[in-house]
Amino acid sequence: MSSSIILGIESSCDDTSAAIIKDNKILSNIAANQQIHNEYGGVVPELASRAHQQNIIPVVEKAFSKANIQQNEICAIGFTRGPGLLGSLLVGTSFAKSLAMSLDVPLIEVNHLQAHILAHFIEDANPTPPTFPFLCLTVSGGHTMIVLVKDYFDMEIIGKTIDDAAGEAFDKIGKIFDLDYPAGPIVDRLAKDGNPDAFKFNKPKMEAYDYSFSGIKTSVLYFIQKEVRKDPDFIKENLNDLCASVQKSIIEILMDKLEKASVELNVKDVAIAGGVSANSGLRKAMEYNRKKLGWNIFIPKFEYTTDNAAMIAMVAKLKYERGEFTDIRTTATAKYDL
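Everything numeric here is computed off the predicted structure, so don't read it as measured data. (Residues numbered from 1 in each chain as written. Predicted model: local features only at pLDDT ≥ 70, side-chain atom pairs only at ≥ 80, totals over all residues. Heavy atoms only, no water.)

**Comments concerning the domain arrangement of the protein chain**
Interface size is commonly expressed as the accessible area that is lost once the parts come together.
Right, on to step 1. Domain annotation for the protein chain reports domain 1 (5-120 + 304-322) and domain 2 (130-299).
Right, on to step 2. Here the C-alpha centroids of domain 1 and domain 2 sit 27 Å apart.
Right, on to step 3. The partner domain 2 presents 23 residues to the 18 residues of domain 1 that form the contact.
Right, on to step 4. Taken together, the two surfaces of domain 1 and domain 2 that pack against each other cover about 1,700 Å², and 74% of this comes from carbon and sulfur.
Right, on to step 5. The three residues of domain 1 that bury the most area against domain 2 are I117, H120 and T305, which together make up 37% of that side's buried surface.
Right, on to step 6. On inspection of domain 1 and its partner domain 2, the count reaches zero salt bridges. (Domains from an automatic or database assignment. Contact = heavy atoms within 4.5 Å. Buried area = accessible area lost by both parts, 1.4 Å probe. Salt bridge = Lys/Arg side-chain N within 4 Å of Asp/Glu carboxyl O.)

Shown next as structure tokens:
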């Protein structure tokens, strides 16, 4: 089969990204972040979609330039159809359709969650890719789930959060600590200088492999309210220990179910994906289980953890090889089952 060159476009939330893939090798992966949401403590959908409109043309142009590829050299365009913020998705979807029509190349829709998992097959994501079947803990600001991956496009969600996602819990607890948004990376950084055993927080008792993170958020809130009444400077004086304790609690919740699934299903290849997979504590926990449980662990490079177009291009490349193309009349969708 001759080499395929594909443009991937990602616009599901607040990052506008474009990437060029040739076979399994990423030639460029460009992203424009939206800083405006920081002052609101979360992503504002209307502002996000407007920023995508401003960013998408320069980002795509930069992706072509860095890859040293001309537009007429691409074989297809992959785009995130969902899940995500509808207004943001519409910008990427509309742009992808227009460019595909103008270049007369096929259009390929991509499921954002599937792309996080299949990012492991990008040439430089891991020293070696996982082998089927493998378990993937997909964990981000909007999603937390354990997926049994039987093949590239045969995936089964065996456990998921019934309320908040883990990344959402990090951000909401960070807000209680008066940290900037997004709080997850800040909690991770501050936790490195804290005692993870300083404070204990409630853990949920969930059936099978499901998760819940609303309880730990409430537990932290009530604890902080009680302590601040006694000492108004409690948060400031204990911030590193608070962050370390919260991080330990969230990671233990995540790993308990992942360990349970690995043992009960007898699957030793275990991967993580999504924005929270950049968390240093989670990566250490994966390394610990490599030694303790004999896992073969797969932790993607940092640039393939957060929302990025390289993972969209990877899925589009796999679908291109199968001839799975999308009708130009397709529409973006906020909900999109794995």
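From this point, the narrative continues.
**Thoughts on the layout of surface pockets**
Right, on to step 1. In this structure, the second largest pocket occupies an estimated 470 Å³ of space.
Right, on to step 2. Surrounding the second largest pocket, 20 residues form its lining, P196, K248, I251, G281 and K284 being those nearest its centre.
Right, on to step 3. Of all elements in the fold, only α5 (184-191), α7 (234-265) and α8 (280-293) reach the threshold of two or more residues within the lining of the second largest pocket.
Right, on to step 4. Ranked by residue count, the leading element in the lining of the second largest pocket is α7, at eight residues. (1 Å grid on protein atoms, 1.4 Å probe; cavity = no way out; pocket = protein on both sides within 12 Å on 5 of 7 lines; lining within 4 Å. Points joined across faces, edges and corners; volume = space filled by probe spheres on them. Helix = DSSP H or I, 4+ residues; strand = E, 2+ residues; numbered from the N terminus.)

**Topic: the UniProt feature "binding site: substrate" (unreviewed entry) in the protein chain**
Right, on to step 1. Mapped onto the present numbering, the UniProt feature "binding site: substrate" (unreviewed entry) falls on T138, V139, S140, G141, G142, D171, G184, D188 and N279. Lining the second largest pocket, from this annotated set, are D188.
Right, on to step 2. Among the secondary structure elements, D171 is positioned in helix α4 (residues 166-176).
Right, on to step 3. Judged by its relative accessible area of 18%, D171 is buried.
Right, on to step 4. Ignoring any residue separated from it by four or fewer positions in sequence, one finds D171 in contact with Y181, P182, A183 and G184.
Right, on to step 5. Tracing the chain through its elements places N279 in the loop between β9 (269-273) and α8. (UniProt positions renumbered as here; feature names shortened; annotations may be inferred. Buried < 20%, exposed > 50% of the residue type's maximum accessible area, 1.4 Å probe, protein only.)

**Comments concerning the packing of aromatic side chains**
Right, on to step 1. Applying the stated criterion across every chain, the model contains eleven aromatic pairs.
Right, on to step 2. Note on F121 and F134: the rings are 6.3 Å apart at their centroids and 50 degrees apart in plane angle, and the pair reads as tilted. Taken together, the positions of F121 in the loop between α3 (112-118) and β6 (134-139) and F134 in strand β6 put the pair 13 residues apart, joining distant regions of the chain.
Right, on to step 3. A relative accessible area of 0% means that F134 is categorised as buried.
Right, on to step 4. On the basis of an interplanar angle of 70 degrees and a centroid distance of 5.0 Å, the ring pair of F121 and Y152 is categorised as edge-to-face. Taken as a pair, F121 in the loop between α3 and β6 and Y152 in the loop between β7 (144-151) and β8 (154-160) lie far apart in primary sequence, 31 residues in all.
Right, on to step 5. F121 gets classed as buried once you look at its relative accessible area, which sits at 7%.
Right, on to step 6. For Y152, a relative accessible area of 26% gives the class partly exposed.
Right, on to step 7. Three or more aromatic residues joined by ring pairs make a cluster, and in this case those are F121, F132, F134 and Y152.
Right, on to step 8. Geometry around Y336 places R81 over its ring, the cationic atom sitting 5.4 Å from the centre. (Phe/Tyr/Trp six-rings, centres within 6.5 Å; stacked < 30°, edge-to-face > 60°. Lys NZ or Arg CZ within 6 Å of the ring centre and 35° of its normal.)

**Some details on the sheet that holds strand β2 (residues 16-22)**
Right, on to step 1. Strand order in this open sheet of five strands is β3-β2-β1-β4-β5, and the pairing throughout is mixed. What marks the edges here is a single partner per strand, and that holds for β3 (25-32) and β5 (107-111). Averaged over all pairs of adjacent strands, the angle between strand axes in this sheet comes to 20 degrees, irrespective of strand direction.
Right, on to step 2. Bridge analysis of strand β1 (residues 5-10) against strand β4 (residues 76-82) gives four bridges, and the strand direction is parallel. What sits directly across from I9, in β4, is F79.
Right, on to step 3. Packed onto the sheet, helix α2 (residues 86-103) meets β1, β4 and β5 and runs at close to 160 degrees relative to β4.
Right, on to step 4. In the packing of helix α9 (residues 309-322) onto the sheet, contacts are made with β1, β2, β3, β4 and β5, and the angle to β1 comes to roughly 135 degrees. (Pairing = 2+ DSSP bridges. Axes fitted to C-alpha atoms, helices over the stretch in contact; angles between N-to-C directions.)

**Some details on the packing of α4 against helix α6 (residues 214-230)**
Between two packed helices, both the angle of their axes relative to each other and the distance between the axes serve to describe the pair.
Right, on to step 1. Look at α4 against α6: their axes get within 10 Å of each other, and the N-to-C directions meet at 10 degrees. Considering their axes alone, α4 and α6 lie roughly parallel with respect to each other. Side by side, α4 and α6 meet where K172, I173 and I176 of the first sit next to I216, K217, V220, L221 and I224 of the second.
Right, on to step 2. When grouped by side-chain class, the residues that make up the contact of α4 with α6 number six nonpolar, no polar and two charged. (Parallel < 35°, antiparallel > 145°, perpendicular 65-115°, else oblique. Nonpolar A, V, L, I, M, F, W, Y, C, P; charged D, E, K, R; others polar.)

**Quick word on the sheet that holds β9**
Hydrogen bonds between backbone atoms are what pair the strands of a sheet, whose relative direction is either parallel or antiparallel.
Right, on to step 1. Strand order in the open sheet made by the five strands is β8-β7-β6-β9-β10, with mixed pairing throughout. Every interior strand has two partners, whereas the edge strands, β8 and β10 (296-298), have only one. Across the sheet, the axes of successive neighbouring strands diverge by a mean angle of 25 degrees, strand direction being ignored.
Right, on to step 2. As defined by bridge partners, β7 adjoins β8 across six bridges and the pair is classed as antiparallel. Note that in β8 the partner of I146 across the bridge is G159.
Right, on to step 3. Lying over the sheet, α8 contacts β6, β9 and β10, oriented at roughly 180 degrees with respect to β9.

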